[in-house]
Amino acid sequence: MDFATNTPTNTPVETTLGEQLLLLSLDDESGAEKESVNVSYAIAAASLVELVLAGRVEVDDDQVTVRDAAPLDDPTLDAALADISGQEKRKPRKTKEWIEHLKKGAVAGTTGSLVAKGLIREEKKKVLGLFPVRRYPEADGSVESALRQRLDEVVMRGAAPDERTASLVALLHGAKLHGLLYEKPQLATAKVNMEKVAHGQWAGPAVRQAVKAAEDALTAIVVLTVVTTTVM
């Protein structure tokens, strides 16, 4: 499968959109995840977008259907594809439902994949000497560095995005994860620019429709999560 190769080294490490989202969210030193709830939903949405880009599923009128059930040789995406294919025979689901359903498996699979690729490392610790936690500090920063540079060129410098970069921007925008890339005073401008990229004419109608559905679903989930948390 032809994933993006966002690194200038002689041995490029290929990363999925979900892996890129997780890299952007992890603190390089401590390995703690920023915006963990929103990121988890964005990673699940990224699995759907990857399957659309690979021609395995399509989104029509917000309904997710399988076009080709052939595996992609990526454990996380293949698990999602098999899940969608199996469920489709019983009751098709909409984009938002699939994002919520795929979240746990997508996040766990993405984390394990980044560890296996040597981009992050797993550290097990105990909080207050009692509660076990896992952290994932940076092991190789070249991929994330190149990714941030490419995103900055598109978001802040007006470079034309390819469909994978634009899809990533749309996922970040939909999940309100602009802060993973920028802080004040750039943040306000970045939000405006990321919305323009997300809604631009950078791919064919089928891909843009699928990414828009994922973006809208993420926005709805994030808003509901904020409201629920506030009420509680």
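The rules behind the values
Residues numbered from 1 in each chain as written. Predicted model: local features only at pLDDT ≥ 70, side-chain atom pairs only at ≥ 80, totals over all residues. Heavy atoms only, no water. Axes fitted to C-alpha atoms, helices over the stretch in contact; angles between N-to-C directions. Helix = DSSP H or I, 4+ residues; strand = E, 2+ residues; numbered from the N terminus. Parallel < 35°, antiparallel > 145°, perpendicular 65-115°, else oblique. Contact = heavy atoms within 4.5 Å. Nonpolar A, V, L, I, M, F, W, Y, C, P; charged D, E, K, R; others polar. Patch = residues over 30% accessible without salt bridge, like charges linked within 9 Å, V, L, I, M, F, W, Y side chains within 5 Å. Areas by Shrake-Rupley, 256 points an atom, 1.4 Å probe, with all protein chains shown as cover. Salt bridge = Lys/Arg side-chain N within 4 Å of Asp/Glu carboxyl O. Buried < 20%, exposed > 50% of the residue type's maximum accessible area, 1.4 Å probe, protein only. pLDDT = per-residue confidence, 0-100. Core = buried A, V, L, I, M, F, W, Y, C linked by side-chain atoms within 4.5 Å. Expected span 1.5 Å × (residues − 1). Polar contact = N/O pair within 3.5 Å; in protein donor to acceptor, adjacent residues only side chain to side chain.

*Asks:* Could you give an account of the packing of helix α1 (residues 17-25) against helix α4 (residues 95-116), naming the residues involved and the relevant values?
*Replies:* At a minimum axis distance of 9 Å, the contact between α1 and α4 shows a crossing angle of 80°. Classified by the angle their axes make, α1 and α4 are roughly perpendicular. Along its contact with α1, which presents Gly18, Glu19, Leu22 and Leu23, the element α4 presents Thr110, Thr111, Ser113 and Leu114. For the contact of α1 with α4, a count of residues per class yields three nonpolar, four polar and one charged.

*Asks:* Lay out a nonpolar patch on the surface in plain terms, naming residues and giving numbers.
*Replies:* A cluster of nonpolar residues, Val127, Leu128, Leu130 and Phe131, forms a patch on the protein surface that exposes about 450 Å² of accessible area. Among the structural elements, Val127 can be located in strand β3 (residues 123-127). For Val127, a relative accessible area of 37% translates into the label partly exposed.

*Asks:* Talk me through unusual backbone geometry; I want residue IDs and the actual numbers.
*Replies:* One can expect most non-glycine residues to show negative phi and most peptide bonds to be in trans. For the bond running from Lys184 to Pro185, omega is 10°, close enough to zero to count as cis. Relative to the assigned elements, Pro185 resides in the loop between α6 (163-174) and α7 (187-198). Its identity is not glycine, yet Asp61 carries a phi of approximately 55°, on the positive side. You will see that Lys176, though not glycine, has its phi angle at about 60°, which is positive. Here Lys176 lies in the loop between α6 and α7.

*Asks:* Talk me through the confidence of the model for the protein chain; I want residue IDs and the actual numbers.
*Replies:* When pLDDT is averaged along the protein chain, the result is 90; 92% of the residues meet or exceed 70. Below pLDDT 50 for its whole length, residues 4-9 participates in 23 contacts with residues either more than four positions away or in separate chains.

*Asks:* Can you tell me about the nonpolar core, naming the residues and giving the values?
*Replies:* If you look at the biggest cluster of nonpolar residues, it comprises 66 residues, and the most contacted ones within it are Ile99, Leu171 and Leu172. Beyond its immediate sequence surroundings of up to four residues, Leu172 is in contact with Leu21, Leu24, Leu151, Leu177, His178, Leu180, Leu181 and Met194.

*Asks:* Kindly report on the packing of helix α5 (residues 142-155) against α6, identifying the contributing residues and their values.
*Replies:* Viewed as axis vectors pointing N to C, α5 and α6 meet at an angle of 85°, and their least axial separation amounts to 11 Å. Taken together, the axes of α5 and α6 lie roughly perpendicular to each other. Across from Leu147, Arg150, Leu151, Val154 and Val155 in α5, the residues of α6 making contact are Thr165, Leu168, Val169 and Leu172. Looking at the contact of α5 with α6 residue by residue, the class counts come to seven nonpolar, one polar and one charged.

*Asks:* Break down α6 for me, with residues and values.
*Replies:* Compared with the 16 Å implied by 1.5 Å per residue over 12 residues, the 16 Å span of α6 between its first and last C-alpha is a close match. Within α6, the full set of buried residues consists of Arg164, Thr165, Ala166, Ser167, Leu168, Val169, Ala170, Leu171, Leu172, His173 and Gly174. Between the side-chain oxygen at the start of α6 and the backbone nitrogen of Arg164 there is a gap of 3.1 Å, and the oxygen is on Asp162. Just downstream of α6, Lys176 is the residue with a positive phi angle, here 60°.

*Asks:* For α5, give the residues involved together with the corresponding values.
*Replies:* Look at α5: 20 Å from first C-alpha to last across 14 residues, which is about the 20 Å you get at 1.5 Å a residue. Regarding α5, the residues found buried are Val143, Glu144, Ala146, Leu147, Leu151, Asp152, Val154 and Val155. Lining the buried residues of α5 we find α1, α6 and α7.

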